[in-house]
Amino acid sequence: MVFHKKTVSLVALFLLLLVISSNYVLYHSSFGIQSLPADLNGLVVGSILDLSLVAPLLFLAWQRKFSVKYFIVLMATGLIAARFIIPSEYLASFQSVMWLGVGIEGVLIFFELSLLFMLAKNVPPILKRVKSSSLPLLFSFSRAINEKFPKQTFIHILCSEMLMFYYAFGTWKKQPSTEGDTFTLYKRSSFITFQIMIIHAIVIETLGLHWLLHNTSMTLSIVLLILNIYSIVFFIGDIQALRLNPLRVEDDRIYVSFGLAKRMEISFKDIEEIIEDTHILEQKIPSTTIEFIARDFETVHPDLLLTLKSPVKATLFMGIKKKYKQVAIRVDDPHAFKKIVKERLETAQKGLI
């Protein structure tokens, strides 16, 4: 069943890219233009439906996240995208439909601006709460945001982006925390070196593609340039977040994060058992398991697997929440880590914490 869901997701992504690319090629290539019929109204209607209905449904199937509000936002985005993909002379009869998308997006933008105003108003108390907390920044900041804006997805995404820029540009003089029992996750691998290689590859690709496309499609060249710059900033911030936020074991819980990509707070009271069996650890990790493992070119396995009594929520990229039943962890000092986790779990099972 897990394999089936992944297959459906991949098929949906493939069809989504096919729908968008085929509509773009139809109106912006010599082959597509030559194939256009004399009466374009039916074709334009089909393209509008593709971009405003079919593409949003495929996107939701790819993300496996179904929400009426989310669907309306994607429909409006598809209508606006249609204005850029379909030449304006073909849209003369459909201006009211196009403006509907703009109107919906305008309402949403106004709503998001009001949320931004609320966030700006609450920044001082949030920062004060973060500074007074002994938790790692990734956790203290998220906790402060959740207390002020528990159900505002847009705010959570925005704050996730703020963390990315903070770690990318504002942490170069900071040193990793060594308070309490902390364990790094990346020194037994070449993960950071691998990330740096990716940054170099993106820089080279950016220069090459921008030079190739700036004469043929300036818009596409600028979009790819922005996406590549964003990717570079993300990888830099991810490296810094990984360095500066080692796994921390407290008396009653574990705070574990892997860069900006994922983080989780695990109470020892929620742990059912610790699995150390090498045969089990070397098996394929199921989708119900979140892994905090630095991977590079070599195949590596977790040092231990924490099985939880019930699924516990983790925070993923851009503030997305997802629950997991198991946690796979690989640290740079596995013997000390296993020892302290067993001791704290035993204490928790005796009801002493």
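What counts and how
Residues numbered from 1 in each chain as written. Predicted model: local features only at pLDDT ≥ 70, side-chain atom pairs only at ≥ 80, totals over all residues. Heavy atoms only, no water. Core = buried A, V, L, I, M, F, W, Y, C linked by side-chain atoms within 4.5 Å. Buried < 20%, exposed > 50% of the residue type's maximum accessible area, 1.4 Å probe, protein only. Helix = DSSP H or I, 4+ residues; strand = E, 2+ residues; numbered from the N terminus. Phe/Tyr/Trp six-rings, centres within 6.5 Å; stacked < 30°, edge-to-face > 60°. Salt bridge = Lys/Arg side-chain N within 4 Å of Asp/Glu carboxyl O. UniProt positions renumbered as here; feature names shortened; annotations may be inferred.

J.: Describe the nonpolar core, listing the residues and the values that go with them.
T.: Across soluble globular proteins, you tend to see nonpolar side chains buried next to one another. Residues Leu-247, Met-264, Ile-266, Leu-306, Val-327 and Phe-337 are the most contacted members of the largest nonpolar core, which totals 61 residues. Ranked by residues supplied to this core, first place goes to helix α9 (residues 218-244) with 8 residues. By size, the runner-up hydrophobic cluster in this structure holds 13 residues, among which are Leu-26, Leu-36, Ile-48 and Ile-85.

J.: Tell me about the packing of aromatic side chains, and name the residues and values.
T.: Ring pairs (aromatic) are described by centroid distance and by the angle formed between their planes. According to the stated counting rule, one finds 9 aromatic pairs in the structure shown. Ring geometry for Phe-59 versus Trp-62: centroids 5.5 Å apart, planes at 80 degrees, classification edge-to-face. Of this pair, Phe-59 and Trp-62 are both found in helix α3 (residues 41-63), 3 residues apart, which corresponds to roughly one turn of the helix. The interplanar angle of 70 degrees and the centroid separation of 5.0 Å between the aromatic rings of Phe-191 and Phe-258 together place this pair among those described as edge-to-face. Pair noted here: Phe-191 is in helix α8 (residues 191-213) and Phe-258 is in strand β3 (residues 253-258), with a separation of 67 residues, a long-range link.

J.: So what about the pattern of salt bridges? Which residues, and what values?
T.: Applying the stated rule across the entire model yields 12 salt bridges. Among the salt bridges present, the one from Arg-344 reaches Asp-181, with a minimum N-O distance of 3.1 Å. Of the two residues, Arg-344 is situated in helix α11 (residues 334-349) and Asp-181 in strand β1 (residues 181-183); the sequence distance between them amounts to 163 residues. Of the residues examined, Arg-344 reaches a relative accessible area of 16% and is grouped as buried. Where Glu-265 meets Arg-253, a salt bridge forms, and the shortest distance between an N and an O atom there is 2.7 Å. Of this pair, Glu-265 sits in strand β4 (residues 262-267) while Arg-253 sits in strand β3, and the two are 12 residues apart along the sequence. The class of Glu-265 is partly exposed, set by a relative accessible area of 24%. Under the relative-accessibility criterion, Arg-253 is labelled partly exposed at 22%. If you follow the salt bridges from partner to partner, you end up with Arg-143, Asp-252, Arg-253 and Glu-265 in one network.

J.: Give me the lowdown on the UniProt feature "transmembrane region" (unreviewed entry) in the protein chain, citing residues and values where you can.
T.: Using the residue numbers shown here, the UniProt feature "transmembrane region" (unreviewed entry) corresponds to residues 40-61, 68-86, 98-119, 153-172, 192-213 and 220-237. Counting secondary structure, residues 68-86 comes out at 95% helix and 0% strand; the distance between its end C-alpha atoms is 26 Å. Structurally, residues 220-237 is divided into 100% helix and 0% strand, and its ends, taken at the C-alpha atoms, are 26 Å apart.

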